[in-house]
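Chain residues, written in single-letter form:
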Amino acid sequence: MLRRSTPTLLFKRFKHTVLGIDLGTTNSAVAVVGTDNQPQILENDEGKRTTPSIVAFTKDDKVLVGLPAKRQAVVNPENTFFATKRLIGRKFEDQEVQRDLNNVSYKIIPNNQGDATLRTFSGEIISPSEIGGLILQQLQKNAESQLDEKIDKAVVTVPAYFNDSQRQATKNSGKSIGLDILRVINEPTAAALAYGCDKSRKDGIIAVFDLGGGTFDISILEIDNGVFEVRATNGNTHLGGEDFDIMIMNHILQNFKNETGIDLSDDRFAVQRIREAAEKAKIELDHADEIEINIPFISGDKHIKQKLTEAEFDIMVQPIIEKTIEPVRKCVRDAEIKFKDIDEVLLVGGMTRMPKIRKVVEQLFGKEPSTAVNPDEAVALGAAIQGAVLSGQVKNVVLLDVTPLSLGIETYGGIFSPLIPRNSAVPIKKEQMFSTAVDGQTGVEIGVYQGERTLVKDNKKIGQFKLANIPQGPKGSPQIAVSFEIDADGIINVSATDKTKYPKDSPNYGKPNTVSIQVTEAGLTDGEVEKMIQESAANKKADEEKRKLYEHASRAEILCTDTENALFQFGKLMEDEEKAEINAFLKTIKEMIDDIRTGKNLHDPNTLNQKVNDMQNVCMTAIRNVAAKQSKQ
Ligand code: AMP
């Protein structure tokens, strides 16, 4: 690793430096790729390689970020904001936010839109995105002073399992301080980039187990000759080291109450001190069978003096640790591999330093996890590599990421119908035609959701579309194209366009009809809704059979779009025979889909799936050949 003494010389030649920023729940880090094409961490003003993700507002109107904010947390608990990434892009009513209300020393309140926001002691309202912005600004300042140049571009990482609102809110953090976030990439993918870009590594399948301060992610990737293909991802955006701290904190509070009868849980100063002691205890237990927690004068002349053994701690946190197991199993299943196929398990995030976690990971995967990457730094290093890929500095790396959550719409009866299934390669665009269900209907309403549950009410609503001004006519006549697009940041755009061919004398002729967001009074009447429900009940059995067949067709169509995206991105560099073979598959599969949709030929789903798999294999081989060619250049 290169050291701090010569940074200016090392980096000066790059005009378009792009920072790689790991905006963590507990700690953040910033890295950059040097002239030797190797990423390296930039230290902060205190000479530390990570910066606490903490922002404080002092009584004399100063804003403190990082270590200075952490140091004064105990004396200024109401104005010291930590772990706010757990709140970013969330509604106040979210279960996860409600759970945090009593565990933090600052106030969380809803704004007019119901978003979780923060209130300082003086009554000022600030959003978790703005706190993120202040942390990014501090990291940017540190980097600028280290590199002696102005930098306004960055790649920022987010947990793979962040949904659209959380990603948008993270991007807004950059916007609020004028930092252009070129790309938002997933934390485990970034860690894999840092690992795989080291020339000494072999290609293969790797699992990245990422347990940080506030979030848990698991990703499975295949690294092949500079192509990083994410096979599957899973996780929990509200599970991390903070939960372990809260567990110990509540244990201390309860013991103190039992001993003295004093309940300290409403005393914000005391809670902050206990929380800090809890985190310290957790870390000390890495290397000790028993530790002592000492907090003098916690209440008047009363002190906290408690022992905690490793065995007690293990039992206490077992339920939290167990929450990581199911997402891992799901991810392995989604990647269509077995545990034994995994060549390497990477540990990322501060919590993976805990011996108990390492043991659980080893048991689960049946192999000792690798210590090849530094769990605190790998994510920022990988982000820096992606930044260098975007600036053109690094050439032989291709990243194929996936969307962590399914995207779809609400259909009759509150059922969630996914259009883009989870783990689809991004970027991806999918368009589907809709029409009216009732004669004379003048508007079409589409609720857009993200998640994996069967009922929309259990998923995250990300938009409500109302395409109004449709001329009255028979049901099924208007042609409404709804387009779903997930960009490389994992951010979703949804639009609806009336593509009906109107006659020249129609008032709608030649007039672009765009989507109107939010429900309006012009929605379906109760009678229309009732009619739709009745029709849907009457056709339930036939609809169910059709739905299954359509699902196969939809999946095939999505994979055709993936393949077309790949052709668009890499086609120029592929061999003509490869392209011809892929195009022939595309043609056949699309014809089969058309047959199914029009009812002309209800093909056997197994034949369709086999064709799709063959097409994907040919396409992947062609991409690998492109990467191999590039790396030789
Ligand atoms: P990160 O978000 O990756 O910075 O991870 C921060 C979390 O890791 C915090 O909850 C820390 O308390 C925790 N952590 C850091 N080092 C250790 C350690 N040695 N043992 C246990 N937990 C740790």
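Analysis parameters
- Residues numbered from 1 in each chain as written.
- Predicted model: local features only at pLDDT ≥ 70, side-chain atom pairs only at ≥ 80, totals over all residues.
- Heavy atoms only, no water.
- UniProt positions renumbered as here; feature names shortened; annotations may be inferred.
- Domains from an automatic or database assignment.
- Salt bridge = Lys/Arg side-chain N within 4 Å of Asp/Glu carboxyl O.
- Helix = DSSP H or I, 4+ residues; strand = E, 2+ residues; numbered from the N terminus.
- Buried < 20%, exposed > 50% of the residue type's maximum accessible area, 1.4 Å probe, protein only.
- Expected span 1.5 Å × (residues − 1).
- Pairing = 2+ DSSP bridges.
- Near = heavy atom within 4 Å.
- Polar contact = N/O pair within 3.5 Å; in protein donor to acceptor, adjacent residues only side chain to side chain.
- Areas by Shrake-Rupley, 256 points an atom, 1.4 Å probe, with all protein chains shown as cover.
- Phe/Tyr/Trp six-rings, centres within 6.5 Å; stacked < 30°, edge-to-face > 60°.

The name an unreviewed UniProt entry assigns to the protein chain is Heat shock protein SSC1, mitochondrial, from the organism Candida maltosa. You can read under Sequence similarities (unreviewed entry) in the UniProt record for the protein chain the words "Belongs to the heat shock protein 70 family."

Here the domain parsing of the protein chain yields domain 1 (19-239 + 323-401), domain 2 (241-320), domain 3 (407-538) and domain 4 (540-632). Relative placement of domain 2 and domain 4: their C-alpha centres are 56 Å apart.

On to the pattern of salt bridges. Applying the stated rule across the entire model yields 33 salt bridges. A salt bridge links Arg-624 to Asp-224; the shortest N-O distance between them is 2.4 Å. Of this pair, Arg-624 sits in helix α16 (residues 605-632) while Asp-224 sits in strand β14 (residues 216-224), and the two are 400 residues apart along the sequence. On the basis of relative accessible area, Asp-224 is assigned to the partly exposed category, the value being 21%. In this structure, a network of salt bridges that share partners links the residues Glu-222, Asp-224, Arg-231 and Arg-624.

Looking now at helix α4 (residues 128-147). Side chains three or four residues apart in an α-helix point the same way, a direct result of the helix having 3.6 residues per turn. Taking 1.5 Å of rise per residue, 20 residues should cover 28 Å, and α4 covers 29 Å from first to last C-alpha, within 8% of that figure. Residue Asp-148 follows α4 closely and has a positive phi angle near 60°.

Relative to strand β9 (residues 116-119), strand β8 (residues 107-110) runs antiparallel, the two being bridged by four bridges. Of the residues in β9, the one forming a bridge with Pro-110 is Ala-116.

This part takes up the site of the ligand. If you check the shell around the ligand, you find 13 residues, and the closest are Gly-213, Glu-279, Lys-282, Asp-286 and Gly-350. With respect to the ligand, the side chain of Asn-27 contributes an N or O atom lying 3.5 Å from an oxygen atom. Between the ligand and the protein, one listed contact pairs an oxygen atom with a side-chain N or O atom of Glu-279 at 2.6 Å. Expressed as a share of its isolated accessible area of 510 Å², the protein-covered part of the ligand is 87%. The dominant element in the shell around the ligand, judged by the number of residues it contributes, is helix α8 (residues 268-284), at three residues. For the shell around the ligand, the two domains that each supply at least three residues are domain 1 (19-239 + 323-401) and domain 2 (241-320).

So, about the packing of aromatic side chains. A complete count under the given rule lists five aromatic pairs for this structure. With 4.9 Å between their ring centres and 55° between their planes, Phe-81 and Tyr-106 make a pair best called tilted. Of the two residues, Phe-81 is situated in strand β7 (residues 80-81) and Tyr-106 in the loop between α3 (95-100) and β8; the sequence distance between them amounts to 25 residues. Residues Phe-81 and Tyr-106 agree in their burial class; the two are buried. Both rings, one in Phe-339 and one in Phe-365, keep their centres 5.4 Å apart while their planes meet at 75°; by these two values the pair is edge-to-face. With Phe-339 in the loop between α10 (325-334) and β18 (344-348) and Phe-365 in helix α11 (residues 355-365), this residue pair connects regions lying 26 residues apart in the sequence. By relative accessible area, which is 22% here, Phe-339 ends up partly exposed.

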